[in-house]
Amino acid sequence: MAPGSDLGIVKQRLADAQSITVLTGAGISADSGVPTFRGTDGLWKNFRAEDLATPEAFGRDPRLVWEWYNWRRELIATKQPNEAHKTIVALERRSQDFWLITQNVDGLHREAGSAKLSEIHGNIWKVRCTGCGVVEDNRDVPIAALPSCRQCGSLLRPHIVWFGESLFFEDLDHCSRALSHCDTLLIIGTSGLVYPAAGFASIAKEAGAFVAEINLDPTPQSLLVDISLHGRAKDIVPLLIEAV
Ligand code: OAD
Ligand code: ZN
């Protein structure tokens, strides 16, 4: 790899970094076979978010919402982390100061071994009680049609942040610290359309970080970042941390 190439520059920045933050979206899991939301075959092309991923939709028809999550659970259960997920684990292990922020709910980062992370949109393998609020792991595939809480009997919902809902305070807090402290931010496989994650590049940039994105296509953040690398996450990300 030529040292002066865009890829070479990002690789060198990562090698020299004191504090690294990584932000990921559906594109990193696309290489594991998990559908994205907004591409040609994206989930939001075939399903209406208003019917499936809002608190109002769940209030109207919890059975339909659970059916959709059951279908996604079945699909995701067959998928494994890819080389890009694994590279992020390697980056975490060799870095003193590291944080991963993911919008993905598929749990593939954890499965790969990531430990320092915020799953800001939740996790499809967790359920939350609509009554007492308890959050539990649940890997049933399929989950019962209308699952109920073992503690209080109320209806369980997916532990996912839906449209119209706020992120959890603890996650926001962790993210804002990671974004304002990092000297290097890598953004991988997100369309950059959903807030607050869509604003994370500019927070890091304003705090003086070097920001690089890896995506198949340009995004609304492409003009703001220092370098855009175009290609598949599973091909590009591993190249960024080979021995310098
Ligand atoms: P999107 O589906 O909006 O965007 C996926 C991005 O990944 C696009 O910019 C693609 O160009 C890029 N991409 C696709 N395949 C890729 C690959 N193999 N390598 C690199 N890039 C690739 O997904 P997100 O940005 O994650 O919310 O969407 C954000 C949120 O919107 C999601 O978390 C979800 C959705 O509604 C919830 O689940 C709550
Ligand atoms: Zn309960």
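Being a predicted model, the structure only gives us computed values, none of them experimental.

## Some words on the overall build of the protein
From N to C terminus, the protein includes 11 helices and nine strands. Taken over C-alpha atoms, the radius of gyration comes to 18 Å for the protein, in line with the 18 Å a tight globule of 244 residues would show. When its C-alpha atoms are laid out on the principal axes, the protein stretches across 60 × 35 × 30 Å. Pairs at least 24 apart in sequence give 64% of the contacts found in the protein among residues at least 6 apart.

## Quick word on the coordination of the zinc ion (ligand 2)
Within the first shell, the zinc ion (ligand 2) binds the protein through Cys129 (SG), Cys132 (SG), Cys149 (SG) and Cys152 (SG), at distances of 2.3 to 2.4 Å. Bound by four donor atoms, the zinc ion (ligand 2) shows angles of 96 to 118° at the metal and therefore tetrahedral coordination geometry. Mapping the donors of the zinc ion (ligand 2) onto the primary sequence yields the spacing C-x2-C-x16-C-x2-C. On the basis of relative accessibility, which here comes to 4%, the residue Cys129 falls in the buried class.

## Describing the site of ligand 1
Residues in close proximity to ligand 1 total 23 residues, the closest being Phe37, Arg38, Thr190, Ser191 and Asn215. Interatomic distance of 2.8 Å between a side-chain N/O atom of His121 and an oxygen atom of ligand 1. At 3.2 Å, a backbone N or O of Gly189 approaches an oxygen atom of ligand 1. Notes on ligand 1: free accessible area 800 Å², of which the protein chains cover 93%. With three residues, helix α2 (residues 26–30) is the single largest residue contributor to the shell around ligand 1.

## Side note on the sheet that holds strand β8 (residues 210–215)
Sheet strands pair via backbone hydrogen bonds, and the direction of the pair is either parallel or antiparallel. Read across the open sheet, the six strands follow the order β3-β2-β1-β7-β8-β9; overall the sheet is parallel. Both outer strands of the open sheet, β3 (117–119) and β9 (227–230), are each paired with one neighbouring strand and no more. Across this sheet, the average inter-strand angle for adjacent strands is 15°, counted without regard to direction.

## Quick notes on the sheet that holds strand β6 (residues 156–160)
As summarised here, the arrangement of the three strands in space is β5-β4-β6, forming an open sheet in which the pairing is antiparallel. Strands at the two margins of the open sheet, each flanked by one partner only, are β5 (135–137) and β6. Averaged over all pairs of adjacent strands, the angle between strand axes in this sheet comes to 45°, irrespective of strand direction. Packed onto the sheet, helix α6 (residues 62–77) meets β4 (122–129) and β6 and runs at close to 140° relative to β4.

## A short note on the pairing of β4
On any regular strand, side chains alternate: one points to one face of the sheet, the next to the other face. Summarising burial for β4: seven of the eight residues are buried, a large majority. Pairing geometry for β4 and β6, over four bridges, is antiparallel. Within the sheet, the bridge partner assigned to Arg128 lies in β6 and is Arg157. In the sheet, β4 pairs with β5 via three bridges, with the strands oriented antiparallel. Counted as the bridge partner of Arg128 is Val135 from β5.

## Details of the domain arrangement of the protein
Domains assigned within the protein are domain 1 (6–33 + 81–121 + 167–241) and domain 2 (39–78 + 130–160). Taken over C-alpha atoms, the centre of domain 1 sits 27 Å from the centre of domain 2. Contact with domain 1, which involves six residues of that partner, is made by six residues of domain 2. Here domain 1 and domain 2 share an interface that buries about 420 Å² over both sides, 69% of which is from carbon and sulfur atoms. Three residues, Val105, Asp106 and His121, lead the burial of domain 1 against domain 2; their summed loss comes to 63% of the area buried on that side. Taken together, domain 1 and domain 2 are joined by zero salt bridges. At the junction of domain 1 and domain 2, the tally comes to zero residue pairs in polar contact (both at pLDDT 80 or more).

Reading guide: rules and limits
Residues numbered from 1 in each chain as written. Chains lettered and ligands numbered in written order. Predicted model: local features only at pLDDT ≥ 70, side-chain atom pairs only at ≥ 80, totals over all residues. Heavy atoms only, no water. Helix = DSSP H or I, 4+ residues; strand = E, 2+ residues; numbered from the N terminus. Rg over C-alpha atoms; globule rule 2.2 N^0.38 Å. Contact = heavy atoms within 4.5 Å. Donors = N, O, S within 2.8 Å, 3.2 Å for Na, K, Ca; no water. Tetrahedral: all angles 85-135°; square planar, octahedral: opposite > 155°, others 65-115°. Buried < 20%, exposed > 50% of the residue type's maximum accessible area, 1.4 Å probe, protein only. Near = heavy atom within 4 Å. Polar contact = N/O pair within 3.5 Å; in protein donor to acceptor, adjacent residues only side chain to side chain. Areas by Shrake-Rupley, 256 points an atom, 1.4 Å probe, with all protein chains shown as cover. Pairing = 2+ DSSP bridges. Axes fitted to C-alpha atoms, helices over the stretch in contact; angles between N-to-C directions. Domains from an automatic or database assignment. Buried area = accessible area lost by both parts, 1.4 Å probe. Salt bridge = Lys/Arg side-chain N within 4 Å of Asp/Glu carboxyl O.

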